[in-house]
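Chain by chain, the residues run as shown.
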Amino acid sequence: MSSVVVIGGGVIGVCTAYYLAKAGVKVTLVEQGEVAAGSSYGNAGLITPSDSLPLPAPGVLSKGLAWLMDPASPLYIRPRLDWDLITWLWRFRAAANTRTFRQHLSLLQVLSRYSLDLMKQMVAEENIACHFQQQGLLIMYRTTGAWQEGQKLAQQVAEFGVTYEVWSSEQVMTRMPQARPQVVGGIYYAMDAHVDPARFVQGTAQRLVNMGVTLATHTEVLDFERKSGRVRGVHTTRGTFPADAVVLAAGAWTPLLARRLGVSLPIQPAKGYSITVQRPEGFPELPLILDEAKVGVTPMGDRLRFAGTLELAGHSLAITPRRVMAIRRAVTRYLDVDPDAQPLVELWRGLRPCTPDGLPLIGRLPTYNNVVVASGHCMLGMTQGPGTGRIVADLLLERPPEIDVHPFRVERF
Ligand SMILES: Cc1cc2nc3c(=O)[nH]c(=O)nc-3n(C[C@H](O)[C@H](O)[C@H](O)COP(=O)(O)OP(=O)(O)OC[C@H]3O[C@@H](n4cnc5c(N)ncnc54)[C@H](O)[C@@H]3O)c2cc1C
């Protein structure tokens, strides 16, 4: 393998380029915007083996149906006649059962923990200034029912070696003095970490340049040059890049590229928002998930980020003010912090690449053997980026990956 073109400058693309370059491969990273132009920019930056849960969970559909028509709910599906969306939802429904959930939970656990170890190593070895901290994660609950459900889930996750502590409301208050009295309790996972996602991706990209990787930014991939069942090059808005192998790491846009190669990948874009404000004085270095509202709260140096909502509305990047407002309101129900009262740093939205069974797609294309797909990480792309990058490099270099990647293969659909 002498030259690889990696398409997509998000967390998956830069980590893949990193492990390939480390192995001495000539790499070109092609990105249509700046590095971290997609969902790797303003996400919550939570690196959470503990919260590595498949999206299709038992019961999520009945909840989803109630939420369906409410544009301010944590999950929203814009009603439309779209065959890809309909088949995606059908497959999602098929995966939302207890047995599949447990199986997929264990697979995501393994990948997330593998990836967390690699991220620690990368950040330390490459000295990437990205505010990486391993301070754990506190999930806060406002209702006893959700807290009990959370404890059941914690017991399941503990079977895979993830430790947790159940905290009373007093314990929550001690560690998070901004918690409102309505918070009934919490669950603390010590293993989890957090990071400034854009800085991690941009910092890695800087290292790539030092390692000899060609960064082709503002370069959009349009099509592929094919010959004898192999892709020989990538046609872009800035010319053709020859390639011995190609990696499709274009996040929510990956299916559009795969379609050019005759493959239909079931990845739906799931929009989410984040609001980043100046960090209020005294806010502890402890990231949170506000459970019922599905909102993440992450301290990032002198900033504090609130992120949430999942909206299946196609590739549109339009901002729906009502959904942003829903995040703000949710925060004030759990915390004595008003996002509106803090100076705004940035309002952002991004598209998560979501598969219907909750597992990423990592593997060779059945049609073109020298093309590897690395996408579909949905809510876990930051958590699983380094692990995925390492696996893709192993596949291309024909080294056995360190974890079982068969369940992530493309042909499962
Ligand atoms: C609100 C929100 C909060 C989140 N919080 C977390 C979290 O706390 N923890 C976590 O683990 N994950 C989180 N995620 C999920 C995470 O952001 C994604 O899973 C991850 O960023 C996906 O990375 P990626 O590299 O696959 O895609 P992206 O980061 O989207 O990168 C794909 C890149 O491909 C480029 N591209 C697309 N098409 C082309 C083309 N034709 N030519 C050239 N370039 C192209 C795009 O410009 C883009 O830069 C969150 C997501 C959202 C939206």
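Residues numbered from 1 in each chain as written. Predicted model: local features only at pLDDT ≥ 70, side-chain atom pairs only at ≥ 80, totals over all residues. Heavy atoms only, no water.

**Things to note about the overall build of the protein chain**
Of the regular secondary structure elements, the protein chain holds 10 helices and 20 strands. At 20 Å, the protein chain has a C-alpha radius of gyration in line with the 22 Å of a compact globule built from 413 residues. Along the three orthogonal principal directions, the C-alpha set of the protein chain runs to about 65 × 45 × 40 Å. Evaluated residue by residue, the protein chain yields a buried proportion of 59% over its 413 residues. Contacts in the protein chain between residues far apart in sequence, at least 24 positions, make up 76% of those at least 6 positions apart. For the protein chain, the exposed surface amounts to about 16500 Å²; the carbon and sulfur share of it is 51%. Looking at charge distribution, the protein chain has the averaged site of its 41 positive side-chain charges lying 5 Å from that of its 35 negative ones. (Helix = DSSP H or I, 4+ residues; strand = E, 2+ residues; numbered from the N terminus. Rg over C-alpha atoms; globule rule 2.2 N^0.38 Å. Buried < 20%, exposed > 50% of the residue type's maximum accessible area, 1.4 Å probe, protein only. Contact = heavy atoms within 4.5 Å. Areas by Shrake-Rupley, 256 points an atom, 1.4 Å probe, with all protein chains shown as cover. Lys, Arg positive; Asp, Glu negative; His and termini not counted. Charge placed at Lys NZ, Arg CZ, Asp CG, Glu CD.)

**With respect to helix H10 (residues 381-396)**
Roughly 30° is the biggest bend found in H10, and it falls at glycine 387. Of all the 16 residues making up H10, 15 are buried; the element is thus mostly covered by neighbouring parts of the structure. (Bend = angle between axes of the 7 residues up to and from the residue.)

**Some thoughts on the site of the ligand**
In the vicinity of the ligand there are 37 residues, among which Glu31, Ser40, Leu46, Cys378 and Thr383 approach most closely. Glycine 45 places a main-chain nitrogen or oxygen 3.4 Å from an oxygen atom of the ligand. Protein contacts shield 96% of the accessible area of the ligand, which totals 1000 Å² for the unbound molecule. Mapped by element, the contributors of at least two residues to the shell around the ligand are helix H1 (11-22), strand E14 (268-278), strand E18 (344-354) and H10. Of the residues belonging to the shell around the ligand, the class tally is 19 nonpolar, 15 polar and 3 charged. Two domains each put at least three residues into the shell around the ligand: domain 1 (3-41 + 199-266 + 358-412) and domain 2 (60-96 + 133-192 + 268-354). (Near = heavy atom within 4 Å. Polar contact = N/O pair within 3.5 Å; in protein donor to acceptor, adjacent residues only side chain to side chain. Nonpolar A, V, L, I, M, F, W, Y, C, P; charged D, E, K, R; others polar. Domains from an automatic or database assignment.)

**Thoughts on empty space enclosed by the protein**
In this structure the tally under the stated criterion is 1 cavity of 30 Å³ or more. Considered as a void within the structure, the largest cavity measures approximately 70 Å³ in volume. Lining the largest cavity are 14 residues, with Leu55, Gly358, His377, Cys378 and Leu380 sitting closest to its centre. Tallied by class, the residues present in the lining of the largest cavity amount to 9 nonpolar, 5 polar and no charged. (1 Å grid on protein atoms, 1.4 Å probe; cavity = no way out; pocket = protein on both sides within 12 Å on 5 of 7 lines; lining within 4 Å. Points joined across faces, edges and corners; volume = space filled by probe spheres on them.)

**Observations regarding the domain arrangement of the protein chain**
Domain assignment breaks the protein chain into domain 1 (3-41 + 199-266 + 358-412) and domain 2 (60-96 + 133-192 + 268-354). Computed from C-alpha atoms alone, the centre-to-centre distance between domain 1 and domain 2 is 28 Å. Between domain 1 and domain 2 the total buried area reaches about 1300 Å² when both faces are included, carbon and sulfur atoms providing 61% of it. For the pair domain 1 and domain 2, the number of links is 1 salt bridge. The closest approach of N and O atoms between arginine 259 and aspartate 84, which form a salt bridge, is 3.3 Å. Joining domain 1 to domain 2, the criterion identifies 6 residue pairs in polar contact (both at pLDDT 80 or more). Across the side of domain 1 that touches domain 2, the residue classes break down as 7 nonpolar, 6 polar and 2 charged. (Buried area = accessible area lost by both parts, 1.4 Å probe. Salt bridge = Lys/Arg side-chain N within 4 Å of Asp/Glu carboxyl O.)

**Observations concerning the packing of H1 against helix H4 (residues 98-126)**
Between H1 and H4, the least distance of the axes is 13 Å, while the angle of their chain directions is 65°. Between H1 and H4, the angle falls in the class roughly perpendicular. Where H1 crosses over H4, the two elements pack in a sense that is left-handed. Of the residues in H4, those touching H1 at Cys15, Tyr18, Tyr19 and Lys22 are Leu118, Met122, Glu125 and Glu126. Partitioned by chemical class, the residues of the contact of H1 with H4 number 5 nonpolar, no polar and 3 charged. (Axes fitted to C-alpha atoms, helices over the stretch in contact; angles between N-to-C directions. Parallel < 35°, antiparallel > 145°, perpendicular 65-115°, else oblique. Left-handed = near helix turned anticlockwise from the far one by under 90°.)

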